[in-house]
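# Chain and residue survey
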Amino acid sequence: VQTCALPISVTSSYASMVEITGLRNVTLKYLEIKNGPDGIGGEGAVGLEISNSYIHNITNDHLISILTNGITHPGSDYTDKLVHDNVLENRTQVKGAPYNTTCGPDAIQMSGWGSVYNNTFNVSKGATDVSSCQHPDSFQCPGTAVKLKIYNNTFNSSPALSIILTNQGWPTPNHIYIYNN
């Protein structure tokens, strides 16, 4: 088990501030991640826990991205990826032509096999340094949504959608529980 459980502050980077792509059995706790383009990147990570952290002032695509995107995923249950007891703050910026919309990073991008609970999703409006122009969702599951639980989260003024599930791949979404948010 690889554990990072000290109060650590990560500030400024050129890509994901913490990269755990392809790792197994990783625990990230008590982190403050701020002032960078992307927060935590973890494509294909399994046995993952992200908790008790504060992620904010991120300007590009995501605060947390734990997708399977083309990597064989051995996930099998609701405990494969755990994201809980965090404060996640989206930065948003209203951009004019040609966008004419609110832009900013997603808080969590996650494909199935896991649980997201007891998180607080906040929005920081009026940023002037957001580099992407995507609609900023609080929780986004683009693709595989299998054995997924989303519960006991607080969504304070989501900039776009609080929760969005899409079926962009295999298998058909199933065993999804969303409650008490």
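One can find the structure itself at the top, above this paragraph.
None of the values given here were measured: they were computed from a predicted structure.

If you tally the helices and strands in the chain, you get 0 helices and 21 strands. In the chain, buried positions account for 50% of the 181 residues. Restricting the contact set of the chain to residue pairs at least 6 apart, pairs at least 24 apart contribute 66%. For the chain, the accessible area works out to roughly 8000 Å², and carbon and sulfur atoms hold 49% of it.

On to the nonpolar core. Counting 28 residues, the largest nonpolar core has Ile40, Ile64 and Ile108 as the members making the most contacts within it. Excluding anything up to four places from it in sequence, isoleucine 64 contacts Ile40, Ile50, Ile55, Val83, Leu88, Ala107, Ile108 and Gln109.

What follows is about the sheet that holds strand β3 (residues 16-19). Sheet architecture is open: 6 strands sit in the order β3-β6-β9-β14-β17-β20, paired in parallel fashion. Edge positions in the sheet fall to β3 and β20 (163-166), since each of these pairs with one other strand and no more. Ignoring which end each strand starts from, the neighbouring axes of this sheet average 15 degrees apart. For strand β14 (residues 106-110) and strand β17 (residues 139-142), the ladder comprises 2 bridges, and the chain directions are parallel. Bridging from a neighbouring strand, glutamine 109 pairs with glutamine 140 of β17.

Here we come to the environment of tyrosine 78. Mapped onto the secondary structure, tyrosine 78 falls in the loop between β9 (62-66) and β10 (81-84). For tyrosine 78, a relative accessible area of 18% gives the class buried. In this structure the C-alpha to C-alpha distance between tyrosine 78 and lysine 147, which are 69 residues apart in sequence, comes to 5.6 Å. Leave out the neighbours within four places in its chain, and tyrosine 78 touches Gly114, Ser115, Lys147, Leu148, Lys149, His175 and Tyr177. For tyrosine 78, the side chain forms a polar contact with the main-chain oxygen of histidine 175, separated by 3.2 Å.

Here we come to the pattern of salt bridges. The tally for this structure, following the rule as stated, stands at 1 salt bridge. Between lysine 34 and glutamate 32 there is a salt bridge, with the nearest N and O atoms lying 4.0 Å from each other.

Thresholds applied
Residues numbered from 1 in each chain as written. Predicted model: local features only at pLDDT ≥ 70, side-chain atom pairs only at ≥ 80, totals over all residues. Heavy atoms only, no water. Helix = DSSP H or I, 4+ residues; strand = E, 2+ residues; numbered from the N terminus. Buried < 20%, exposed > 50% of the residue type's maximum accessible area, 1.4 Å probe, protein only. Contact = heavy atoms within 4.5 Å. Areas by Shrake-Rupley, 256 points an atom, 1.4 Å probe, with all protein chains shown as cover. Core = buried A, V, L, I, M, F, W, Y, C linked by side-chain atoms within 4.5 Å. Pairing = 2+ DSSP bridges. Axes fitted to C-alpha atoms, helices over the stretch in contact; angles between N-to-C directions. Polar contact = N/O pair within 3.5 Å; in protein donor to acceptor, adjacent residues only side chain to side chain. Salt bridge = Lys/Arg side-chain N within 4 Å of Asp/Glu carboxyl O.

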